[in-house]
Amino acid sequence: MKIFGPKSLSAFFYYIFRSISIALLAFLTYMEFAFITNRFTVKDSRFDMQIPLTGSSVQGDYQFSDILTITLTLIFGILLLYLLSNIFKALKKTVIFNKGIVKNLKLLTVLNLIVGPILYFLIHYPIMHKTEFRNVHNLILLVIFEMISLFLTYVFQKGYTVQSENDLTI
Amino acid sequence: MSIVVNLNTVLADRNLKSKELAEMIGITEANLSILKSGKAKAIRFSTLEAICKALDCQPADILSYEIE
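**Points about the layout of surface pockets**
Residues and elements named next belong to chain A.
Then, in step 1: Estimated volume of the largest pocket: approximately 450 Å³.
Then, in step 2: Together, 17 residues line the largest pocket, and T73, F76, Y120, N138 and L142 are the ones closest to its centre.
Then, in step 3: Residue classes in the lining of the largest pocket are distributed as 9 nonpolar, 7 polar and 1 charged.
Then, in step 4: Among the elements of the structure, α2 (64–91), α3 (99–127) and α4 (136–167) are those that each provide at least two residues to the lining of the second largest pocket.
Then, in step 5: Across the lining of the second largest pocket, the residue classes tally to 12 nonpolar, 2 polar and no charged.

**Things to note about the pattern of salt bridges**
Residues and elements named next belong to chain A.
Then, in step 1: A full pass over the atoms with the stated rule returns 1 salt bridge over all chains.
Then, in step 2: The shortest N-O distance in the salt bridge between D61 and R46 comes to 3.0 Å. Placement of D61 in strand β3 (residues 57–61) and of R46 in strand β2 (residues 46–50) is noted, with a sequence separation of 15 residues between them.

**Re the interface of chain A and chain B**
Then, in step 1: If you look at the interface, chain A gives 4 residues, while chain B gives 11 residues.
Then, in step 2: Taking both sides of the interface into account, the surface hidden between chain A and chain B amounts to around 710 Å²; carbon and sulfur atoms contribute 63%.
Then, in step 3: Counting the surface chain A buries against chain B, the share from its top three residues, L168, T169 and I170 of chain A, is 86%.
Then, in step 4: Counting every contact that joins chain A to chain B gives 0 salt bridges.
Then, in step 5: Here chain A is connected to chain B by 5 residue pairs in polar contact (both at pLDDT 80 or more).
Then, in step 6: Classifying every residue of the side of chain A that touches chain B by side-chain character gives 2 nonpolar, 1 polar and 1 charged.

**As for the confidence of the model for chain B**
Atomic detail in the predicted coordinates should be set aside for any region of low pLDDT.
Then, in step 1: Put simply, chain B has an average pLDDT of 90, and 99% of its residues get 70 or more.
Then, in step 2: Within chain B, the lowest mean pLDDT, 89, falls on helix α3 (residues 29–37) of chain B, and the highest, 93, falls on helix α5 (residues 59–62) of chain B.

**Some details on the nonpolar core**
Residues and elements named next belong to chain A.
Then, in step 1: Residues F76, I87, F88, L91, I101, L105 and F156 are the most contacted members of the largest nonpolar core, which totals 20 residues.
Then, in step 2: For this core, the elements supplying multiple residues, two or more each, are α1 (9–36), α2, α3 and α4.
Then, in step 3: For this core, the element with the highest residue contribution is α3, accounting for 8 residues.
Then, in step 4: Residues contacting F88, with those up to four places away along its chain left out, are S10, F13, Y14 and F17.

**Describing the sheet that holds β3 of chain A**
Residues and elements named next belong to chain A.
Then, in step 1: Strand order across the open sheet formed by 3 strands is β1-β2-β3, with antiparallel pairing between neighbours. Every interior strand has two partners, whereas the edge strands, β1 (41–43) and β3, have only one. Within this sheet the neighbouring strands show an average axis-to-axis angle of 25°, counted without direction.
Then, in step 2: Sheet topology places β2 next to β3; 5 bridges connect them, and they run antiparallel. Opposite D48, over in β3, you have Q59 as the bridge partner.
Then, in step 3: Its contacts with the sheet put α1 on β2 and β3, and the angle it makes with β2 is roughly 125°.

**What to know about the packing of aromatic side chains**
Residue and element names in this part refer to chain A.
Then, in step 1: For the coordinates displayed, the defined rule picks out 11 aromatic pairs over all chains.
Then, in step 2: Taken together, a centroid distance of 5.1 Å and an interplanar angle of 75° make the contact between F35 and F47 edge-to-face. Placement of F35 in helix α1 and of F47 in strand β2 is noted, with a sequence separation of 12 residues between them. Residue F35 shares its accessibility class with F47, and that shared class is buried.
Then, in step 3: Plain terms: the ring middles of F121 and Y125 are 6.3 Å apart, the flat faces sit at 10° to each other, and that makes the pair stacked. Here F121 pairs with Y125, and both are found in helix α3, just 4 residues apart, close to one helical turn.
Then, in step 4: For Y125, a relative accessible area of 31% puts it in the partly exposed group.

**With respect to the environment of E66 of chain B**
All names here are of chain B.
Then, in step 1: With respect to the element layout, E66 can be found in the segment after β2 (63–65).
Then, in step 2: C-alpha of E66 to C-alpha of S2: the two residues are 64 residues apart in sequence and 5.1 Å apart in space.
Then, in step 3: If we ignore the near neighbours within four places in the chain, the residues touching E66 are S2 and V4.

Procedures and definitions
- Per-chain numbering applies: the sequence of each chain, read as written, is numbered from 1 onward.
- Chains and ligands are labelled by the order in which they are written, letters from A for the one and numbers from 1 for the other.
- In keeping with the model being predicted, local features are shown solely for residues with a pLDDT of at least 70 and side-chain atom pairs are shown and tallied solely at 80 or more, while totals for entire chains, interfaces and linings include all residues.
- Working from all heavy atoms in the structure, the side-chain values ignore hydrogens and water.
- Buried and open spaces are told apart on a 1 Å grid over the protein atoms alone, a cavity being a set of points where a 1.4 Å probe fits but cannot get out and a pocket being an open set with protein on both sides within 12 Å along at least five of seven lines. Residues with an atom within 4 Å of a point are the lining residues.
- Grid points are joined across faces, edges and corners, and a volume is the space filled by probe spheres set on the points.
- Only Asp, Glu, Lys and Arg are considered charged in this grouping, and only Ala, Val, Leu, Ile, Met, Phe, Trp, Tyr, Cys and Pro are considered nonpolar; every other residue, Gly among them, is considered polar.
- Helix numbering and strand numbering both begin at the N terminus, where a helix is a DSSP run of H or I of at least 4 residues and a strand a DSSP run of E of at least 2.
- A side-chain nitrogen of Lys or Arg and a carboxyl oxygen of Asp or Glu constitute a salt bridge if their distance falls within 4 Å.
- Here, residues are in contact when the closest pair of their heavy atoms is within 4.5 Å.
- Put simply, buried area is the surface a 1.4 Å probe can reach on two separate parts but cannot reach once they are joined, added for both.
- Throughout this description, a polar contact denotes any pair of N or O atoms lying within 3.5 Å of each other; where both atoms belong to protein, one of them has to be capable of donating a hydrogen while the other can accept it, and for residues adjacent in sequence the pair is counted only when both atoms sit in side chains.
- The quantity called pLDDT is the predictor's confidence in a given residue, expressed from 0 to 100.
- Grouping buried Ala, Val, Leu, Ile, Met, Phe, Trp, Tyr and Cys residues that are joined through side-chain atoms within 4.5 Å yields what is termed a nonpolar core.
- Buried residues are those whose accessible area, probed at 1.4 Å on protein chains only, stays under 20% of the maximum for their type, while exposed residues exceed 50% and partly exposed ones sit between those limits.
- Pairing between strands is defined by DSSP: at least two bridges between the two strands are required.
- For every element, the axis is a line fit to its C-alpha atoms; helices are fit only across the contacting stretch, and the angle between N-to-C directions ranges from 0 to 180 degrees.
- Two aromatic rings, drawn from Phe, Tyr or Trp (for Trp, its six-membered ring), form a pair once their centres lie within 6.5 Å of each other, and the interplanar angle then sorts them: stacked below 30 degrees, edge-to-face above 60, tilted otherwise.

In structure tokens form, the structure reads like this:
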């Protein structure tokens, strides 16, 4: 199976990541709508929200900090998956060294380098008021992703320059 | 760039249009325009050979070096 170009593994991953990001966005919208319109039950200080068409439910502590954490984490996840889908969309083109992939890889680097750690510390201390430094593996994973995307950005930027020069060889 | 493409002068001398030359040497008009405008990063020997053959000239008639 082809890795790049139309009808390739990149195209498959584009559809997968784009579908998941849209599904998560729909889920987030429904959840926020349900919280605003009181479409959930509260038992022992825990909320229980039915998810339509799936037969499952979402449960958690009925506190503003928990709901805010879920919302922020989902927004971060949606952005991450949307950017990944954009990267695979650029990879399914015939010419893989293009401006689109460089732009989206830069955004992915910023998301993992700046937004991710800020969100992590924001959720950990001011929102959830945790006293211990736990779940550090999430932060380590973000830094690893950031390093990979940073190097990939420069690889594709160099590739784009070489591609442009090759295109301008008459 | 200090390499100047004098293709317009040679074309005018031969009373030829860019479109005709592009057809003769087998490249697109867009690429010929890039070459004439000096935006090209490099020129293949095969393209240079085709231009020289079509215009009955030497590479030096088309390309010249100018100190910036």
